[in-house]
Amino acid sequence: MPIPSISLFRHRGLTVTNLLRHGSTIQHCYLTHLTIVTAAAKHQQQKQKNYVNKNHLRAKQHTLKEYSSLAPVLSPDNKPDLTESQAIGTVAASQANFMRVIVQQSESSRTSDCNDKTGVELLCVVRALLKKIKRRVLVGDKVVVGSIDWVDRRGMIENVFQRSTEILDPPVANVDHLLLLFSMDQPKLEPFTLTRFLVEAESTGIPLTLALNKVELVDEEVLNTWKSRLHTWGYEPLFCSVESKLGLDSLLQRFRDQTTVIVGPSGVGKSSLINALRSSPHASDAADVDNWFEPILGSKWFEDQRVGEVSTKSGRGKHTTRHVSLLPLSGGGYLADTPGFNQPSLLKVTKQSLAQTFPEIKEMLRANEPAKCSFNNCLHLGEPGCVVKGDWERYQYYFQLLDEIRIREEFQLRTFGTKREGDVRYKVGDMGVQQAEPRLEPKKHRRQSRKRINQSILDELDELDDDDNDDEIDLENDPIVRAIRNENQ
(Lines give C-alpha, C1' and ligand atoms only; values in the text may rest on other atoms or scores of the structure.)
Protein backbone atom coordinates (compact mmCIF):
# COMPACT_ATOMS: atom_id res chain seq x y z
CA MET A 1 0.00 0.00 0.00
CA PRO A 2 1.56 3.30 -1.01
CA ILE A 3 2.23 5.71 1.82
CA PRO A 4 1.51 9.38 1.06
CA SER A 5 4.35 11.70 1.71
CA ILE A 6 4.39 15.43 2.29
CA SER A 7 7.38 17.55 1.63
CA LEU A 8 7.83 19.79 4.57
CA PHE A 9 10.55 21.77 2.81
CA ARG A 10 8.25 22.54 -0.09
CA HIS A 11 5.47 23.96 2.07
CA ARG A 12 7.95 25.80 4.29
CA GLY A 13 9.55 27.27 1.24
CA LEU A 14 6.23 28.44 -0.10
CA THR A 15 5.32 30.01 3.23
CA VAL A 16 8.58 31.89 3.47
CA THR A 17 8.25 33.00 -0.12
CA ASN A 18 4.72 34.29 0.46
CA LEU A 19 5.77 36.08 3.59
CA LEU A 20 8.65 37.70 1.78
CA ARG A 21 6.38 38.63 -1.14
CA HIS A 22 3.60 40.13 1.03
CA GLY A 23 5.74 41.25 3.99
CA SER A 24 5.13 44.97 3.52
CA THR A 25 1.34 44.46 3.31
CA ILE A 26 1.18 42.35 6.49
CA GLN A 27 3.36 44.82 8.39
CA HIS A 28 1.16 47.72 7.34
CA CYS A 29 -2.01 45.86 8.42
CA TYR A 30 -0.47 44.88 11.75
CA LEU A 31 0.62 48.42 12.51
CA THR A 32 -2.78 49.76 11.54
CA HIS A 33 -4.54 47.26 13.81
CA LEU A 34 -2.14 48.01 16.65
CA THR A 35 -2.77 51.74 16.26
CA ILE A 36 -6.55 51.22 16.37
CA VAL A 37 -6.31 49.02 19.47
CA THR A 38 -4.01 51.50 21.24
CA ALA A 39 -6.26 54.43 20.42
CA ALA A 40 -9.32 52.56 21.65
CA ALA A 41 -7.54 51.62 24.86
CA LYS A 42 -6.43 55.20 25.42
CA HIS A 43 -9.95 56.47 24.74
CA GLN A 44 -11.43 53.95 27.18
CA GLN A 45 -8.81 54.79 29.77
CA GLN A 46 -9.34 58.53 29.33
CA LYS A 47 -13.08 58.06 29.52
CA GLN A 48 -12.74 56.03 32.69
CA LYS A 49 -10.29 58.55 34.12
CA ASN A 50 -12.58 61.46 33.45
CA TYR A 51 -15.46 59.55 34.98
CA VAL A 52 -13.50 58.86 38.17
CA ASN A 53 -12.30 62.45 38.40
CA LYS A 54 -15.84 63.72 38.03
CA ASN A 55 -17.01 61.52 40.89
CA HIS A 56 -14.03 62.58 42.97
CA LEU A 57 -14.87 66.18 42.29
CA ARG A 58 -18.44 65.64 43.39
CA ALA A 59 -17.21 63.80 46.47
CA LYS A 60 -14.83 66.64 47.37
CA GLN A 61 -17.57 69.22 46.94
CA HIS A 62 -19.86 67.11 49.10
CA THR A 63 -17.06 66.71 51.62
CA LEU A 64 -16.37 70.43 51.90
CA LYS A 65 -20.03 71.13 52.28
CA GLU A 66 -21.08 68.47 54.73
CA TYR A 67 -18.01 66.94 56.35
CA SER A 68 -15.61 69.89 56.68
CA SER A 69 -15.90 69.69 60.47
CA LEU A 70 -17.89 67.78 63.01
CA ALA A 71 -19.19 70.90 64.75
CA PRO A 72 -17.95 74.09 63.05
CA VAL A 73 -17.50 77.06 65.34
CA LEU A 74 -20.18 79.66 64.68
CA SER A 75 -19.21 83.30 64.32
CA PRO A 76 -20.95 85.80 66.64
CA ASP A 77 -22.80 87.35 63.68
CA ASN A 78 -23.97 84.01 62.33
CA LYS A 79 -27.73 83.45 62.35
CA PRO A 80 -28.36 79.74 61.86
CA ASP A 81 -31.73 78.48 60.70
CA LEU A 82 -33.69 77.24 63.69
CA THR A 83 -36.43 74.66 63.93
CA GLU A 84 -39.20 74.54 66.47
CA SER A 85 -37.06 72.38 68.75
CA GLN A 86 -34.00 74.64 68.54
CA ALA A 87 -33.04 77.92 70.17
CA ILE A 88 -30.09 80.22 70.82
CA GLY A 89 -29.23 81.07 74.39
CA THR A 90 -26.53 81.90 76.92
CA VAL A 91 -25.17 79.53 79.54
CA ALA A 92 -26.05 81.09 82.89
CA ALA A 93 -24.76 78.39 85.23
CA SER A 94 -22.84 75.14 85.21
CA GLN A 95 -23.08 72.40 87.79
CA ALA A 96 -21.86 68.83 87.39
CA ASN A 97 -22.91 67.68 83.88
CA PHE A 98 -25.81 70.10 83.52
CA MET A 99 -26.02 73.62 82.13
CA ARG A 100 -28.62 76.30 82.79
CA VAL A 101 -29.32 78.07 79.49
CA ILE A 102 -31.45 81.21 79.13
CA VAL A 103 -33.14 81.40 75.72
CA GLN A 104 -32.39 84.56 73.75
CA GLN A 105 -33.80 83.64 70.37
CA SER A 106 -36.08 80.92 69.08
CA GLU A 107 -38.14 80.16 65.99
CA SER A 108 -41.23 81.70 67.58
CA SER A 109 -39.40 84.95 68.30
CA ARG A 110 -38.35 85.25 64.65
CA THR A 111 -41.87 84.74 63.39
CA SER A 112 -43.30 87.17 66.00
CA ASP A 113 -45.39 84.41 67.48
CA CYS A 114 -47.46 85.24 70.53
CA ASN A 115 -45.93 82.23 72.29
CA ASP A 116 -42.48 83.78 72.59
CA LYS A 117 -39.85 81.56 74.23
CA THR A 118 -37.40 84.38 75.04
CA GLY A 119 -36.24 84.21 78.64
CA VAL A 120 -37.17 80.56 79.17
CA GLU A 121 -34.76 78.71 81.41
CA LEU A 122 -33.63 75.31 80.07
CA LEU A 123 -31.78 72.53 81.85
CA CYS A 124 -29.38 71.15 79.24
CA VAL A 125 -26.72 68.54 78.78
CA VAL A 126 -23.76 68.84 76.43
CA ARG A 127 -23.67 66.89 73.19
CA ALA A 128 -21.32 63.93 73.44
CA LEU A 129 -19.59 64.93 70.20
CA LEU A 130 -18.46 68.23 71.73
CA LYS A 131 -16.90 66.33 74.61
CA LYS A 132 -15.08 63.96 72.26
CA ILE A 133 -13.49 66.79 70.29
CA LYS A 134 -12.69 68.57 73.60
CA ARG A 135 -14.82 71.62 72.90
CA ARG A 136 -15.64 72.79 76.38
CA VAL A 137 -18.83 74.70 77.15
CA LEU A 138 -18.33 77.51 79.68
CA VAL A 139 -20.59 79.84 81.59
CA GLY A 140 -21.20 82.89 79.44
CA ASP A 141 -21.05 80.97 76.15
CA LYS A 142 -23.60 81.68 73.45
CA VAL A 143 -24.85 78.25 72.37
CA VAL A 144 -27.29 76.51 70.05
CA VAL A 145 -29.69 74.26 71.95
CA GLY A 146 -31.51 71.42 70.18
CA SER A 147 -33.91 68.61 70.98
CA ILE A 148 -35.81 70.97 73.26
CA ASP A 149 -38.75 69.73 75.28
CA TRP A 150 -40.60 72.98 75.94
CA VAL A 151 -42.92 71.29 78.45
CA ASP A 152 -40.21 69.90 80.74
CA ARG A 153 -37.80 72.67 79.70
CA ARG A 154 -34.91 70.39 78.82
CA GLY A 155 -32.55 70.35 75.87
CA MET A 156 -29.11 69.51 74.55
CA ILE A 157 -26.32 71.96 73.64
CA GLU A 158 -25.40 71.21 70.04
CA ASN A 159 -22.85 73.90 69.19
CA VAL A 160 -21.00 76.88 70.63
CA PHE A 161 -20.48 80.32 69.15
CA GLN A 162 -17.01 81.82 68.91
CA ARG A 163 -15.85 83.51 72.11
CA SER A 164 -14.54 87.04 72.38
CA THR A 165 -12.60 86.34 75.60
CA GLU A 166 -11.99 83.38 77.88
CA ILE A 167 -10.50 82.84 81.32
CA LEU A 168 -9.54 79.54 82.93
CA ASP A 169 -9.61 80.39 86.65
CA PRO A 170 -12.56 80.50 86.98
CA PRO A 171 -13.82 79.04 83.65
CA VAL A 172 -15.97 81.83 82.15
CA ALA A 173 -16.35 82.98 78.53
CA ASN A 174 -17.15 86.33 76.89
CA VAL A 175 -15.93 88.40 79.84
CA ASP A 176 -15.71 92.19 79.52
CA HIS A 177 -14.33 93.12 82.93
CA LEU A 178 -12.54 91.46 85.85
CA LEU A 179 -13.05 92.45 89.48
CA LEU A 180 -10.26 91.16 91.68
CA LEU A 181 -11.68 91.20 95.20
CA PHE A 182 -9.62 90.83 98.37
CA SER A 183 -10.35 91.63 101.99
CA MET A 184 -8.27 93.72 104.36
CA ASP A 185 -8.88 91.25 107.16
CA GLN A 186 -10.65 87.92 107.78
CA PRO A 187 -8.89 86.58 105.75
CA LYS A 188 -5.85 88.81 105.97
CA LEU A 189 -4.39 90.30 102.82
CA GLU A 190 -1.21 88.43 101.76
CA PRO A 191 1.14 90.09 99.22
CA PHE A 192 2.24 86.92 97.40
CA THR A 193 -1.33 85.59 97.03
CA LEU A 194 -2.41 88.98 95.72
CA THR A 195 0.51 88.99 93.28
CA ARG A 196 -0.41 85.56 91.99
CA PHE A 197 -4.01 86.64 91.31
CA LEU A 198 -2.82 89.85 89.64
CA VAL A 199 -0.51 87.90 87.32
CA GLU A 200 -3.34 85.55 86.35
CA ALA A 201 -5.67 88.50 85.69
CA GLU A 202 -3.06 90.43 83.67
CA SER A 203 -2.37 87.38 81.49
CA THR A 204 -5.96 87.37 80.20
CA GLY A 205 -5.69 90.85 78.69
CA ILE A 206 -9.10 91.80 80.12
CA PRO A 207 -9.50 95.15 81.92
CA LEU A 208 -9.41 94.62 85.67
CA THR A 209 -10.31 96.49 88.84
CA LEU A 210 -8.68 95.77 92.19
CA ALA A 211 -11.11 96.14 95.10
CA LEU A 212 -10.34 95.68 98.79
CA ASN A 213 -13.33 94.71 100.93
CA LYS A 214 -13.96 94.78 104.70
CA VAL A 215 -12.28 98.12 105.26
CA GLU A 216 -14.24 98.54 108.50
CA LEU A 217 -12.03 95.89 110.15
CA VAL A 218 -8.79 97.92 109.90
CA ASP A 219 -7.82 101.49 110.81
CA GLU A 220 -7.07 104.38 108.48
CA GLU A 221 -3.30 103.98 108.79
CA VAL A 222 -3.38 100.45 107.39
CA LEU A 223 -5.52 101.61 104.46
CA ASN A 224 -3.10 104.41 103.60
CA THR A 225 -0.14 102.04 103.84
CA TRP A 226 -1.69 99.55 101.45
CA LYS A 227 -2.83 102.31 99.09
CA SER A 228 0.70 103.71 98.72
CA ARG A 229 2.15 100.21 98.49
CA LEU A 230 -0.19 99.16 95.69
CA HIS A 231 0.50 102.44 93.92
CA THR A 232 4.16 101.41 93.64
CA TRP A 233 2.97 98.12 92.18
CA GLY A 234 1.11 100.02 89.47
CA TYR A 235 -2.48 99.70 90.73
CA GLU A 236 -5.08 102.05 92.16
CA PRO A 237 -7.23 100.02 94.58
CA LEU A 238 -10.88 100.70 95.24
CA PHE A 239 -11.82 100.35 98.90
CA CYS A 240 -15.32 99.04 99.58
CA SER A 241 -17.42 97.61 102.36
CA VAL A 242 -20.56 95.54 102.15
CA GLU A 243 -21.49 96.42 105.74
CA SER A 244 -21.27 100.19 105.37
CA LYS A 245 -22.12 100.28 101.63
CA LEU A 246 -18.87 102.12 100.93
CA GLY A 247 -17.80 102.16 97.28
CA LEU A 248 -20.80 100.19 95.97
CA ASP A 249 -21.99 103.03 93.74
CA SER A 250 -18.59 103.24 92.04
CA LEU A 251 -18.65 99.52 91.37
CA LEU A 252 -22.14 99.71 89.88
CA GLN A 253 -20.99 102.38 87.45
CA ARG A 254 -18.11 100.18 86.29
CA PHE A 255 -20.30 97.10 85.94
CA ARG A 256 -23.02 98.74 83.82
CA ASP A 257 -23.62 97.05 80.45
CA GLN A 258 -20.70 94.66 80.98
CA THR A 259 -20.18 91.03 81.92
CA THR A 260 -18.02 91.14 85.03
CA VAL A 261 -16.38 88.20 86.75
CA ILE A 262 -15.60 88.54 90.45
CA VAL A 263 -12.41 86.64 91.32
CA GLY A 264 -10.73 86.18 94.66
CA PRO A 265 -9.95 83.78 97.51
CA SER A 266 -12.62 82.21 99.66
CA GLY A 267 -14.11 84.35 102.39
CA VAL A 268 -13.36 87.80 100.94
CA GLY A 269 -17.07 88.54 100.43
CA LYS A 270 -17.77 87.87 96.75
CA SER A 271 -21.28 86.51 97.25
CA SER A 272 -22.07 89.17 99.86
CA LEU A 273 -20.96 91.87 97.45
CA ILE A 274 -23.15 90.44 94.68
CA ASN A 275 -26.19 90.37 96.96
CA ALA A 276 -25.53 93.96 97.99
CA LEU A 277 -25.09 95.17 94.41
CA ARG A 278 -28.22 93.43 93.15
CA SER A 279 -30.33 94.79 95.98
CA SER A 280 -28.92 98.31 95.74
CA PRO A 281 -31.67 100.96 95.28
CA HIS A 282 -29.43 102.85 92.84
CA ALA A 283 -29.42 99.92 90.45
CA SER A 284 -33.10 100.33 89.62
CA ASP A 285 -32.56 104.00 88.79
CA ALA A 286 -30.29 103.17 85.88
CA ALA A 287 -31.34 103.58 82.31
CA ASP A 288 -33.45 100.87 80.78
CA VAL A 289 -31.46 98.37 78.74
CA ASP A 290 -32.24 95.26 76.77
CA ASN A 291 -31.99 92.64 79.49
CA TRP A 292 -33.02 89.19 78.27
CA PHE A 293 -32.83 87.90 81.88
CA GLU A 294 -35.82 90.08 82.75
CA PRO A 295 -38.53 87.36 82.42
CA ILE A 296 -36.81 85.13 84.99
CA LEU A 297 -35.52 87.65 87.53
CA GLY A 298 -37.92 86.23 90.11
CA SER A 299 -36.99 82.60 89.60
CA LYS A 300 -35.41 80.54 92.34
CA TRP A 301 -32.16 80.19 90.43
CA PHE A 302 -31.51 83.95 90.70
CA GLU A 303 -32.20 84.42 94.38
CA ASP A 304 -29.57 85.78 96.78
CA GLN A 305 -26.32 83.83 96.87
CA ARG A 306 -25.38 81.72 99.88
CA VAL A 307 -22.98 83.35 102.30
CA GLY A 308 -20.65 81.51 104.69
CA GLU A 309 -18.60 82.50 107.70
CA VAL A 310 -14.82 82.67 107.86
CA SER A 311 -13.22 79.75 109.68
CA THR A 312 -12.10 80.72 113.18
CA LYS A 313 -9.43 78.01 113.17
CA SER A 314 -7.60 78.73 109.92
CA GLY A 315 -8.68 82.33 109.39
CA ARG A 316 -9.73 81.55 105.82
CA GLY A 317 -13.07 81.40 104.10
CA LYS A 318 -15.09 78.25 103.65
CA HIS A 319 -16.08 77.05 100.16
CA THR A 320 -19.71 78.17 100.15
CA THR A 321 -20.04 78.85 96.41
CA ARG A 322 -19.57 75.53 94.59
CA HIS A 323 -20.19 76.44 90.93
CA VAL A 324 -20.01 79.36 88.50
CA SER A 325 -23.23 81.25 87.83
CA LEU A 326 -24.05 84.32 85.73
CA LEU A 327 -26.38 86.74 87.53
CA PRO A 328 -28.16 89.78 86.06
CA LEU A 329 -28.07 93.32 87.37
CA SER A 330 -31.32 95.25 87.15
CA GLY A 331 -29.45 98.33 85.93
CA GLY A 332 -27.78 96.47 83.08
CA GLY A 333 -24.85 94.11 83.02
CA TYR A 334 -24.15 90.72 84.51
CA LEU A 335 -22.06 89.42 87.39
CA ALA A 336 -20.43 86.00 87.54
CA ASP A 337 -20.20 84.53 91.01
CA THR A 338 -17.34 82.05 91.15
CA PRO A 339 -15.95 79.61 93.73
CA GLY A 340 -13.05 80.90 95.75
CA PHE A 341 -9.57 79.46 95.29
CA ASN A 342 -6.19 80.35 96.72
CA GLN A 343 -3.82 79.17 93.99
CA PRO A 344 -4.45 80.26 90.37
CA SER A 345 -2.95 77.80 87.93
CA LEU A 346 -1.07 80.33 85.71
CA LEU A 347 -1.35 77.89 82.80
CA LYS A 348 -1.43 80.65 80.18
CA VAL A 349 1.66 82.38 81.58
CA THR A 350 5.02 81.45 80.05
CA LYS A 351 8.58 82.40 80.94
CA GLN A 352 8.64 85.07 78.26
CA SER A 353 5.19 86.51 79.01
CA LEU A 354 5.55 86.66 82.81
CA ALA A 355 7.38 89.99 82.70
CA GLN A 356 4.46 91.59 80.84
CA THR A 357 2.16 90.84 83.77
CA PHE A 358 4.16 93.06 86.15
CA PRO A 359 3.49 96.80 85.70
CA GLU A 360 6.81 97.60 87.41
CA ILE A 361 8.81 95.86 84.67
CA LYS A 362 6.80 97.51 81.92
CA GLU A 363 7.38 100.91 83.51
CA MET A 364 11.16 100.31 83.75
CA LEU A 365 11.30 99.26 80.10
CA ARG A 366 9.29 102.32 79.11
CA ALA A 367 11.49 104.66 81.17
CA ASN A 368 14.72 103.37 79.55
CA GLU A 369 13.53 103.75 75.95
CA PRO A 370 15.03 103.74 73.38
CA ALA A 371 17.51 101.54 75.27
CA LYS A 372 16.50 97.89 75.49
CA CYS A 373 17.83 94.69 76.94
CA SER A 374 20.77 93.20 75.07
CA PHE A 375 18.98 89.89 74.53
CA ASN A 376 15.53 89.50 72.99
CA ASN A 377 14.73 86.57 75.29
CA CYS A 378 15.94 88.34 78.42
CA LEU A 379 14.19 87.10 81.57
CA HIS A 380 15.39 90.09 83.66
CA LEU A 381 17.36 87.99 86.10
CA GLY A 382 20.53 90.07 86.01
CA GLU A 383 21.64 89.14 82.50
CA PRO A 384 24.40 91.29 80.93
CA GLY A 385 22.87 94.40 79.40
CA CYS A 386 19.47 94.02 81.16
CA VAL A 387 17.80 97.37 81.87
CA VAL A 388 15.50 95.92 84.57
CA LYS A 389 17.06 96.14 88.00
CA GLY A 390 16.14 94.06 91.02
CA ASP A 391 15.49 96.94 93.43
CA TRP A 392 11.68 96.76 93.43
CA GLU A 393 9.46 95.14 96.04
CA ARG A 394 7.92 92.27 94.09
CA TYR A 395 11.16 91.11 92.48
CA GLN A 396 11.36 88.10 94.79
CA TYR A 397 7.78 87.16 93.82
CA TYR A 398 8.70 87.49 90.15
CA PHE A 399 11.72 85.22 90.64
CA GLN A 400 9.64 82.66 92.54
CA LEU A 401 6.88 82.56 89.91
CA LEU A 402 9.44 82.35 87.11
CA ASP A 403 11.08 79.34 88.73
CA GLU A 404 7.68 77.66 89.15
CA ILE A 405 6.73 78.26 85.50
CA ARG A 406 10.10 76.97 84.32
CA ILE A 407 9.68 73.71 86.24
CA ARG A 408 6.16 73.30 84.84
CA GLU A 409 7.27 73.88 81.24
CA GLU A 410 10.13 71.39 81.56
CA PHE A 411 7.75 68.80 82.97
CA GLN A 412 5.28 69.37 80.13
CA LEU A 413 8.07 69.08 77.58
CA ARG A 414 9.23 65.75 78.99
CA THR A 415 5.72 64.38 79.42
CA PHE A 416 3.83 65.61 76.37
CA GLY A 417 6.54 66.84 74.00
CA THR A 418 6.05 69.62 71.48
CA LYS A 419 3.74 67.82 69.05
CA ARG A 420 0.01 67.87 69.71
CA GLU A 421 -2.46 66.17 67.43
CA GLY A 422 -5.78 67.73 66.61
CA ASP A 423 -9.00 66.73 68.26
CA VAL A 424 -10.59 65.87 64.87
CA ARG A 425 -9.19 63.47 62.31
CA TYR A 426 -10.33 62.73 58.75
CA LYS A 427 -10.57 59.43 56.95
CA VAL A 428 -11.21 58.87 53.23
CA GLY A 429 -14.04 56.56 52.34
CA ASP A 430 -15.50 55.35 49.06
CA MET A 431 -15.07 57.59 46.03
CA GLY A 432 -12.79 59.92 47.95
CA VAL A 433 -15.42 61.07 50.43
CA GLN A 434 -13.60 62.58 53.41
CA GLN A 435 -15.38 62.03 56.70
CA ALA A 436 -14.52 63.73 59.98
CA GLU A 437 -14.53 61.85 63.24
CA PRO A 438 -13.31 62.69 66.75
CA ARG A 439 -9.81 61.66 67.68
CA LEU A 440 -10.25 59.60 70.83
CA GLU A 441 -7.66 59.49 73.55
CA PRO A 442 -5.67 56.28 73.99
CA LYS A 443 -6.59 54.16 76.95
CA LYS A 444 -5.08 55.72 80.03
CA HIS A 445 -5.34 52.57 82.12
CA ARG A 446 -4.11 50.06 79.56
CA ARG A 447 -2.18 47.25 81.20
CA GLN A 448 1.51 47.23 80.39
CA SER A 449 3.01 44.22 78.74
CA ARG A 450 5.01 41.73 80.78
CA LYS A 451 8.11 42.47 78.75
CA ARG A 452 7.95 46.20 79.53
CA ILE A 453 7.44 45.54 83.23
CA ASN A 454 10.40 43.17 83.31
CA GLN A 455 12.52 45.68 81.43
CA SER A 456 11.69 48.39 83.95
CA ILE A 457 12.74 46.04 86.74
CA LEU A 458 16.05 45.43 84.98
CA ASP A 459 16.61 49.16 84.56
CA GLU A 460 16.02 49.75 88.24
CA LEU A 461 18.39 46.95 89.15
CA ASP A 462 21.02 48.44 86.83
CA GLU A 463 20.66 51.79 88.55
CA LEU A 464 21.05 50.14 91.92
CA ASP A 465 24.11 48.31 90.61
CA ASP A 466 25.67 51.59 89.48
CA ASP A 467 25.05 53.20 92.87
CA ASP A 468 26.38 50.20 94.83
CA ASN A 469 30.15 50.35 94.84
CA ASP A 470 30.59 47.37 97.14
CA ASP A 471 29.14 44.85 94.68
CA GLU A 472 27.24 43.07 97.40
CA ILE A 473 24.76 41.63 94.90
CA ASP A 474 25.95 39.61 91.93
CA LEU A 475 23.33 40.45 89.30
CA GLU A 476 24.89 38.24 86.64
CA ASN A 477 24.46 35.09 88.73
CA ASP A 478 21.16 36.05 90.31
CA PRO A 479 18.50 33.47 89.29
CA ILE A 480 15.64 35.98 89.19
CA VAL A 481 17.52 38.32 86.88
CA ARG A 482 18.52 35.44 84.61
CA ALA A 483 14.91 34.24 84.43
CA ILE A 484 13.67 37.69 83.46
CA ARG A 485 16.32 38.10 80.78
CA ASN A 486 15.59 34.68 79.34
CA GLU A 487 11.89 35.48 79.18
CA ASN A 488 12.57 38.76 77.36
CA GLN A 489 14.71 36.95 74.83
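Residues numbered from 1 in each chain as written. Predicted model: local features only at pLDDT ≥ 70, side-chain atom pairs only at ≥ 80, totals over all residues. Heavy atoms only, no water.

## A short note on the overall build of the protein chain
So, point 1. Of regular secondary structure, the protein chain possesses 12 helices and 15 strands.
So, point 2. Buried positions account for 37% of the 489 residues belonging to the protein chain.
So, point 3. Contacts in the protein chain between residues far apart in sequence, at least 24 positions, make up 69% of those at least 6 positions apart. (Helix = DSSP H or I, 4+ residues; strand = E, 2+ residues; numbered from the N terminus. Buried < 20%, exposed > 50% of the residue type's maximum accessible area, 1.4 Å probe, protein only. Contact = heavy atoms within 4.5 Å.)

## Quick look at the nonpolar core
So, point 1. Within the largest apolar cluster, 49 residues are counted, with the highest numbers of intra-cluster contacts made by Val-137, Ile-157 and Leu-194.
So, point 2. Once you skip the residues sitting within four places of it in the chain, Ile-157 turns out to touch Val-91, Met-99, Val-101, Cys-124, Val-125, Val-126, Arg-127, Leu-130, Val-137, Val-143, Val-144 and Val-145. (Core = buried A, V, L, I, M, F, W, Y, C linked by side-chain atoms within 4.5 Å.)

## A short note on a negative patch on the surface
So, point 1. Together, Asp-459, Glu-460, Asp-462 and Glu-463 make up a negatively charged patch on the protein surface.
So, point 2. Among the structural elements, Glu-460 can be located in helix H11 (residues 450–467).
So, point 3. Using a relative accessible area of 52% as the deciding quantity, one classes Glu-460 as exposed. (Patch = residues over 30% accessible without salt bridge, like charges linked within 9 Å, V, L, I, M, F, W, Y side chains within 5 Å. Areas by Shrake-Rupley, 256 points an atom, 1.4 Å probe, with all protein chains shown as cover. Salt bridge = Lys/Arg side-chain N within 4 Å of Asp/Glu carboxyl O. Lys, Arg positive; Asp, Glu negative; His and termini not counted. Charge placed at Lys NZ, Arg CZ, Asp CG, Glu CD.)

## Things to note about the state of the cysteines
So, point 1. Summed over all chains, the structure comprises zero disulfides.
So, point 2. Here Cys-373 is not disulfide-linked; the sulfur of Cys-386 is the nearest cysteine sulfur, at 3.9 Å. (Disulfide = S-S within 2.5 Å.)

## Section: the packing of aromatic side chains
So, point 1. Enumeration according to the criterion identifies seven aromatic pairs in this entry.
So, point 2. Seen in terms of ring centroids, Phe-358 and Trp-392 are 5.9 Å apart; in terms of plane orientation they differ by 70°. Their pairing is edge-to-face. Of this pair, Phe-358 sits in the loop between strand E13 (334–337) and helix H9 (359–367) while Trp-392 sits in the loop between H9 and helix H10 (395–416), placing them 34 residues apart in sequence. Judged on exposure class, the residue Phe-358 and its partner Trp-392 are both buried.
So, point 3. Seen in terms of ring centroids, Tyr-395 and Tyr-398 are 6.4 Å apart; in terms of plane orientation they differ by 35°. Their pairing is tilted. With Tyr-395 and Tyr-398 both in helix H10, this residue pair falls three residues apart, about one helical turn.
So, point 4. By way of ring pairs, the aromatic residues Phe-358, Trp-392, Tyr-395 and Tyr-398 are connected into one cluster.
So, point 5. The side chain of Lys-117 reaches across the aromatic face of Trp-150, ending 5.2 Å from its centre.
So, point 6. Between the NZ or CZ atom of Arg-229 and the centre of the ring of Trp-226, over which it lies, the distance is 4.7 Å. (Phe/Tyr/Trp six-rings, centres within 6.5 Å; stacked < 30°, edge-to-face > 60°. Lys NZ or Arg CZ within 6 Å of the ring centre and 35° of its normal.)

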